[in-house]
Every structure is written in C-alpha cells, then in structure tokens.
Amino acid sequence: MNASLQTSSAQANIPANPIHVARGSTAETLPAIFQESVNLVIFERSLAHSVTRYCESLMAARPSFNLRRAIPLADVAQTLATALPDLPHRDAFIEDLTLLLEMYACLFDLEEVGTRVQVLDRAMCPRFHTDKLGCRLVSTYVGAGTEWLSDSVIDRSKLGKGNAGLSDAESGLIQRGATVEQVNAGDVVLLKGDGWFGNDGRGVVHRSPAVGANESRLVVTLDFA
C-alpha cells in the first residue's frame, strides 16, 4: 500500500468553530464526514514522485484527457489500465487512484464509483457554489487545489440567483477581507453537498481555482454512481 494512504491511530482534528472542517494526515480522518457538524474533510497527503510524473506525462500527451465512467469496485485496476494511456509510471498512478476508489466505496458502502479523471486548462466551476449531491471526493493531482469558504464569512442568500448577476466579489457573498481557503495538490477532500440527509442549504461553498495561461490541472472526482 502507498505509504501516503496508510492509516494510523491518529484521530481526526475537528475544530469547535463555525468552519466545520476535519483535517488529518491519515485516511482515518475520512469517516469524520459522518459527524453531523462536519461538512468538509481534508486528508492532507503528499503524492509519490512516480504518481506525479505519470500525471505530468498524461497532461503533456493528452491535454484534453477526460475519463468519465462508473467503475465497479471488483474491477477497478483493470478498468483503469484499459482507460488510461500507457505511459511511464502508469502502475503507480493506478495503485494510488485504486486506493482512493476503495476508500470512497468503503466509506459509503458502494459497489461502483462514478469516476472522473480530467485535465483542465480553465476553471470548471469558477463561481462559488454548493453541490446538490450527497458527498463528492475531490483530489487535485497536479495544479492548484479546490478553494472553499468558511460558513462564518459568507452570506448564503447570495449564492446562485441570489447574486443578482453580480460577481462573487461584488454580490456580498463574501465578507470584505475574508480569507479564501485552499487545499493543496495531493490532498483528498470530501465535500458534503446539499443532497446529504439533513444538509439542505448547508453544503460546502467551494469553487475551482483560476488557471493561468499555459497552465493545466489534473483533477480526480469521485461520486455515487
């Protein structure tokens, strides 16, 4: 098993404040998502060099690569081997991604996982928003990570149509001087959405980061299939 995904007896750090975030350096942090007060879980990790090398090679060889598929848990490695370009260190990337799929499936008792592996040269969701689904896993393998806002610095009435056509900076969504939080490349993030039971109107407010000229990101997202 990749050392970056090994678990230990460390407990998730769940701050007693309005941010409702659990952070930790092991996979044991992830089950904190089931706590009613927690909307966002961040498993902080570093990627193996071989994994990063494969991702960079994939981005160079296939700059528009976009894999979207419901992958059965019983056939993860073979499905990925068939779908991903045969470039150096592919096995390392498949091993790492397989572990993410297995952890996500184990958490939510799934037999298959909706999987997206995509190279992006622009922000896929540039405005702050909440997801209508239950819980999405996001991990940025190359590039800037997902940005999010604490509940304590936002006015949710300004989301969506509530912005009255104004930008996020102009609409009053974000308090003046508030910090936009951001995760790092390699981190595994669970974002509870409005579709989670009892969480309507409380989903994590987040967005894709801006992508500079001649830059790209490689992002993995996992959903209920």
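Please refer to the structure placed before this passage.
How each quantity is defined
- Residues numbered from 1 in each chain as written.
- Predicted model: local features only at pLDDT ≥ 70, side-chain atom pairs only at ≥ 80, totals over all residues.
- Heavy atoms only, no water.
- Core = buried A, V, L, I, M, F, W, Y, C linked by side-chain atoms within 4.5 Å.
- Buried < 20%, exposed > 50% of the residue type's maximum accessible area, 1.4 Å probe, protein only.
- Helix = DSSP H or I, 4+ residues; strand = E, 2+ residues; numbered from the N terminus.
- Contact = heavy atoms within 4.5 Å.
- 1 Å grid on protein atoms, 1.4 Å probe; cavity = no way out; pocket = protein on both sides within 12 Å on 5 of 7 lines; lining within 4 Å.
- Points joined across faces, edges and corners; volume = space filled by probe spheres on them.

## Looking at the nonpolar core
The biggest cluster of nonpolar side chains holds 46 residues, and the ones touching the most others in it are Leu80, Phe93, Leu97, Tyr141, Leu190 and Leu218. Of the residues forming this core, the biggest block, 11 residues, is contributed by helix α3 (residues 90-108). If sequence neighbours within four positions are ignored, Tyr141 has contacts with Arg45, Leu47, Val51, Cys55, Phe93, Asp96, Leu97, Leu100, Ala185, Leu218 and Val220. In terms of nonpolar packing, the next biggest core, distinct from the first, is built from 11 residues, Trp148, Val189, Val204 and Val219 among them.

## Looking at the layout of surface pockets
There is about 180 Å³ of room inside the largest pocket. In this structure, the largest pocket is lined by 16 residues; those nearest its centre are Arg116, Met124, Val138, His206 and Ser208. Contributing elements (two or more residues each) for the lining of the largest pocket: β4 (112-120), β5 (135-142), β9 (205-207) and β10 (217-224). The element that contributes the greatest number of residues to the lining of the largest pocket is β10, accounting for three residues.

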